[in-house]
Amino acid sequence: MINISDENNMQRLIGRLEAEDKRNASIFKTFRILFLIFAVVYLFFGSIQFYMDLQIINFLGYVSYTIAFCIAFFLMDKHVNMFDRVDYSMPTLLMLKQARLRYRIFPSRATGLIIAVFLFLCLGQVLQTWGSIERFTYTMISVAVGLVIGLIIGCGIWVIRDKPLYDKFGELIHDLESNR
Amino acid sequence: MQTKEERFNAIIADNRERINGICRYYTSNCEDQKDIFQEVLVNIWKSLDSFRGDSAISTWIYRIAVNTSLSFKGKSAKNLTITINSDSQILNQVFYEDEAKEKQIQEHHIEMLQSELNTLSVIDKLLISLMLEGLSMKEIADIVGITEPNVKVKIHRIKQELKSKLTGGCHD
């Protein structure tokens with residue numbers, strides 16, 4: 001009935017899976033290296049600038065960027081599987097609960113870290129524009145507008161694309177857990 | 001020492017029928033069956049490194065097949081249905097597990113049963129499909145992740161509902 005038994009098909013599938021494993025590993029490795037380089041470069045230039053002009057606020061701005069990149073590095077290193085991985089070998093009830101978490105409006109514990117990266121980047125930007133009320137105001141308005149627009153678009157996408165699945169998984173979990 | 005590919009091939013060779021069985025329950029469309037089957041293989045490959053042998057390999061395979069099929073159908077949440085297409089002997093298990101030989105169910109009765117099975121909720125169909133695969137209550141509980149008594153209660157309730165529908169409420 002199902003033609004996967006064909007040896008060539010099987011070999012092709014295995015080849016594709018192995019290639020995907022390698023590609024994923026390579027992508028995450030590249031991102032980790034990239035974030036680490038950013039962190040080191042920002043700290044290095046921040047230190048040099050601080051040595052030259054002794055502006056502590058400016059230096060703290062660089063430190064904020066560095067922290068943001070370090071968190072992003074940690075996110076890639078430890079939490080990368082939480083983005084799109086569901087373990088299908090779990091019991092169905094657990095798998096459904098895990099899948100439902102993916103479709104929450106704020107999907108996982110990683111969301112907190114992503115917000116932290118964003119906030120540290122904003123803090124860095126704010127500290128770097130410290131002293132100039134115009135640049136500071138411009139930065140704050142840009143950040144606020146960006147946040148609101150991002151939130152509205154994100155919520156819209158969630159309601160249309162993810163909420164039906166979130167509700168459906170909720171129903172299935174309820175059916176399984178009920179004593180009926 | 002076996003490579004991942006050798007382990008994968010061995011597992012698929014031993015469990016092909018189990019996977020096919022589950023795929024058949026979740027859709028009657030041949031193309032969809034192929035897609036689900038392929039996705040089950042992909043998920044077996046992805047989970048292979050984390051399989052530590054805590055559960056029987058058959059339970060592990062059933063979990064992946066059931067969960068993949070549920071998620072596959074769940075991608076279009078509105079069409080989350082399961083089609084139960086089984087022969088009359090297997091369907092006899094739903095009501096007549098102790099007296100299968102004595103009972104000769106008429107063809108229209110089987111058709112009615114099949115039609116009623118397909119009106120069940122997704123979870124009820126999931127449980128019945130595993131029962132029709134010949135799994136014990138304990139195995140079903142291990143796959144689904146609820147307690148064995150809970151599985152028994154649910155399957156008993158489903159059988160009662162089906163009997164009630166098929167006999168128009170006149171059964172003991």
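Note that the structure is predicted; figures quoted are calculated from it, not measured.

Trainee: An account of the overall build of chain A is requested, with residue identities and associated values reported.
Mentor: Assigned secondary structure in chain A consists of 6 helices and 0 strands. Ordered by position in the sequence, the α and β elements of chain A form the string α-α-α-α-α-α. When burial is assessed residue by residue, chain A has 31% of its 180 residues classed as buried. At a minimum sequence separation of 6, the contacts of chain A that also span at least 24 residues come to 69%.

Trainee: Now, about the pattern of salt bridges: what can you tell me, with residues and values included?
Mentor: All names here are of chain B. With the rule as written, the count across this model stands at 11 salt bridges over all chains. Salt-bridge contacts for Lys 34 lead to Glu 31; the nearest nitrogen and oxygen are separated by 3.7 Å. In this pair, Lys 34 and Glu 31 both sit in helix H2 (residues 30-48), 3 residues apart, roughly one turn of the helix. Assessed through its relative accessible area of 29%, Lys 34 is described here as partly exposed.

Trainee: Report on the environment of Arg 24 of chain B, specifying residues and quantitative values.
Mentor: Relative to the helices and strands, Arg 24 of chain B resides in helix H1 (residues 4-26). Taking the C-alpha atoms as reference points, Arg 24 of chain B and Phe 37 of chain B, 13 residues apart in sequence, are found 9.5 Å from one another.

Trainee: Mind laying out the nonpolar core, listing which residues take part and the relevant values?
Mentor: Core analysis: the biggest nonpolar cluster contains 58 residues, and Ile 19, Tyr 26, Ile 44, Leu 126, Leu 130, Ile 140 and Val 144 of chain B have the highest contact counts within it. Those residues in contact with Val 144 of chain B, other than ones at most four positions away along the chain, are Pro 91, Thr 92, Leu 93 and Leu 176 of chain A together with Leu 126, Leu 127 and Leu 130 of chain B.

Trainee: Give me the packing of aromatic side chains: which residues, what numbers.
Mentor: Residues and elements named next belong to chain A. Under the counting rule described, the total for this entry stands at 11 aromatic pairs over all chains. An angle of 25 degrees between the planes, with centres 6.5 Å apart, marks the rings of Phe 35 and Phe 69 as stacked. Within this pair, whereas Phe 35 is found in helix H1 (residues 7-53), its partner Phe 69 is found in helix H2 (residues 56-78), the two being separated by 34 residues in sequence. Using a relative accessible area of 17% as the deciding quantity, one classes Phe 35 as buried. Overall, the relative accessible area of 13% leaves Phe 69 in the buried class. Positioned above the aromatic ring of Tyr 166, the side-chain terminus of Arg 100 is 4.0 Å from the ring centre.

Trainee: So what's going on with the environment of Tyr 25 of chain B? Residues and values would help.
Mentor: Residue and element names in this part refer to chain B. Along the chain, Tyr 25 falls in helix H1. The class of Tyr 25 is buried, set by a relative accessible area of 4%. As a C-alpha pair, Tyr 25 and Ser 129 span 104 residues in sequence and 6.7 Å in three-dimensional space.

Trainee: Outline the environment of Asn 9 of chain B, listing residues and values.
Mentor: All names here are of chain B. As for its placement among the helices and strands, Asn 9 is situated in helix H1. By relative accessible area, which is 23% here, Asn 9 ends up partly exposed. In this structure, the C-alpha to C-alpha distance between Asn 9 and Trp 45, residues 36 residues apart in sequence, is 9.8 Å.

Trainee: Got a sec to walk through the side chain of Thr 92 of chain A? Specific residues and values, please.
Mentor: Along the chain, the position of Thr 92 of chain A falls in helix H4 (residues 92-102). The exposure class assigned to Thr 92 of chain A is buried, which follows from its relative accessible area of 0%. At a separation of 2.8 Å, a polar atom in the side chain of Thr 92 of chain A contacts the side chain of Asn 67 of chain B. Not counting residues within four places of it along the chain, the set of residues in contact with Thr 92 of chain A comprises Leu 176 of chain A together with Val 66, Asn 67, Leu 70, Leu 126, Ile 143 and Val 144 of chain B.

Trainee: Now, about the packing of H4 of chain A against helix H6 (residues 133-177) of chain A: what can you tell me, with residues and values included?
Mentor: All names here are of chain A. The geometry of H4 relative to H6 is characterised by a closest axis approach of 9 Å and an angle of 155 degrees between their N-to-C directions. What the angle tells us is that H4 and H6 run roughly antiparallel. Considering the relative orientation of H4 and H6, their crossing is left-handed. Here H4 contributes Thr 92, Leu 93, Leu 96, Lys 97, Ala 99 and Arg 100 to the contact with H6, which in turn contributes Tyr 166, Phe 169, Gly 170, Leu 172, Ile 173, Leu 176 and Glu 177. Considered class by class, the residues forming the contact of H4 with H6 number 8 nonpolar, 2 polar and 3 charged.

Cut-offs applied
Residues numbered from 1 in each chain as written. Chains lettered and ligands numbered in written order. Predicted model: local features only at pLDDT ≥ 70, side-chain atom pairs only at ≥ 80, totals over all residues. Heavy atoms only, no water. Helix = DSSP H or I, 4+ residues; strand = E, 2+ residues; numbered from the N terminus. Buried < 20%, exposed > 50% of the residue type's maximum accessible area, 1.4 Å probe, protein only. Contact = heavy atoms within 4.5 Å. Salt bridge = Lys/Arg side-chain N within 4 Å of Asp/Glu carboxyl O. Core = buried A, V, L, I, M, F, W, Y, C linked by side-chain atoms within 4.5 Å. Phe/Tyr/Trp six-rings, centres within 6.5 Å; stacked < 30°, edge-to-face > 60°. Lys NZ or Arg CZ within 6 Å of the ring centre and 35° of its normal. Polar contact = N/O pair within 3.5 Å; in protein donor to acceptor, adjacent residues only side chain to side chain. Axes fitted to C-alpha atoms, helices over the stretch in contact; angles between N-to-C directions. Parallel < 35°, antiparallel > 145°, perpendicular 65-115°, else oblique. Left-handed = near helix turned anticlockwise from the far one by under 90°. Nonpolar A, V, L, I, M, F, W, Y, C, P; charged D, E, K, R; others polar.

Purely spatial values, then, with no claim about function.
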